[in-house]
Amino acid sequence: MKDLTPEELHVMREGGTEAPFSGKYIDHYEKGMYLCRSCGTTLFSSGAKFDSGTGWPSFTDPAIEKNIGTRDDDSHDMHRTEVFCKNCGAHLGHVFDDGPDEKGGKRYCINSVCLDFEKKD
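The sections below set out a description of the structure shown in this document. (Residues numbered from 1 in each chain as written. Predicted model: local features only at pLDDT ≥ 70, side-chain atom pairs only at ≥ 80, totals over all residues. Heavy atoms only, no water.)

## A look at the overall build of the protein
Consideration 1: For the protein, the count of helices and strands is 1 helix and 9 strands.
Consideration 2: Moving toward the C terminus, one meets the helices and strands of the protein in the order α-β-β-β-β-β-β-β-β-β.
Consideration 3: Over its C-alpha trace the protein gives a radius of gyration of 13 Å, about what one expects of a compact globule, namely 14 Å for 121 residues.
Consideration 4: Counting only C-alpha atoms, the protein reaches 30 × 30 × 30 Å along its principal axes. (Helix = DSSP H or I, 4+ residues; strand = E, 2+ residues; numbered from the N terminus. Rg over C-alpha atoms; globule rule 2.2 N^0.38 Å.)

## Quick word on the pattern of salt bridges
Consideration 1: Taken as a whole and assessed by the stated rule, the structure comprises 8 salt bridges.
Consideration 2: Across the pair arginine 71 and glutamate 82 runs a salt bridge whose closest N-O atoms are separated by 2.9 Å. A residue pair is termed long-range when its members are at least 10 positions apart, and arginine 71 in strand 5 (residues 68-73) and glutamate 82 in strand 6 (residues 80-85) qualify at 11 residues.
Consideration 3: We classify glutamate 82 as buried; its relative accessible area is 11%.
Consideration 4: Here aspartate 97 and lysine 106 are joined by a salt bridge, their closest N and O atoms 2.5 Å apart.
Consideration 5: With relative accessibility at 62%, the residue aspartate 97 sits in the exposed group. (Salt bridge = Lys/Arg side-chain N within 4 Å of Asp/Glu carboxyl O. Buried < 20%, exposed > 50% of the residue type's maximum accessible area, 1.4 Å probe, protein only.)

## A closer look at unusual backbone geometry
Consideration 1: Although it is not a glycine, histidine 76 sits at a positive phi angle of roughly 60 degrees.
Consideration 2: Topologically, histidine 76 is positioned in the loop between strand 5 and strand 6.
Consideration 3: Residue class for histidine 76 comes out exposed when judged on its relative accessible area of 61%.
Consideration 4: In this model, aspartate 77 sits at a positive phi of 55 degrees, which is unusual for a non-glycine residue.
Consideration 5: Looking at where aspartate 77 falls in the secondary structure, it is placed in the loop between strand 5 and strand 6.
Consideration 6: Classification of aspartate 77 as exposed rests on a relative accessible area of 82%.

## Quick notes on the sheet that holds strand 4 (residues 58-59)
Consideration 1: Within the open sheet, the 6 strands sit side by side as 3-4-8-7-6-5. Their pairing is antiparallel. Taken across any chain shown, the strands that pair with only one partner, and hence form the sheet edges, are strand 3 (49-50) and strand 5.
Consideration 2: In the sheet, strand 4 pairs with strand 8 (residues 107-110) via 2 bridges, with the strands oriented antiparallel. Residue pairing for strand 8: phenylalanine 59 is matched across the bridge by tyrosine 108. (Pairing = 2+ DSSP bridges.)

## Regarding the sheet that holds strand 1 (residues 32-36)
Consideration 1: Judged by pairing direction, the sheet is antiparallel, and its 3 strands sit side by side in the order 2-1-9 without closing on themselves. Among the strands making up the open sheet, the edge pair consists of strand 2 (42-45) and strand 9 (115-119). Taken pair by pair, the neighbouring strands of this sheet meet at an average axis angle of 30 degrees, ignoring direction. (Axes fitted to C-alpha atoms, helices over the stretch in contact; angles between N-to-C directions.)

In C-alpha cells:
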C-alpha cells in the first residue's frame, strides 16, 4: 500500500468525492491503463474512457472485471452503486446506467485521486 495524501485518504477510505472538474484525469486521453492509487491493481483501460461531461473520469467498463467490486450505497439520502477496488477495498466512485448505449450503458464515474496511470505505446 502506498502512502496517501489527506484527500486520497478521505476519498478512498472514507467514501468521499473530489470536486467535479478538479481531477488530473478528467481531460486525460493518453493510451494506457488506470491503476488503483492505493495498491496498483489494474482497473480501467484508456480505451474505455469517455467524456461524460459530469466532471469526473468516466469509463464504460473495467479492464479486468474481477478487480472491481460493487455494493449498494444509500448515503446522502440517495441510492447509488459504489465501485471499489477488490484488492484493497478502496472506494473509487460509483457506477450509473447512463453511459453510452453502444457500449452497454454503464458509466463508471471514478475519482481521479483514486487512480494512477501507466502509459502504453
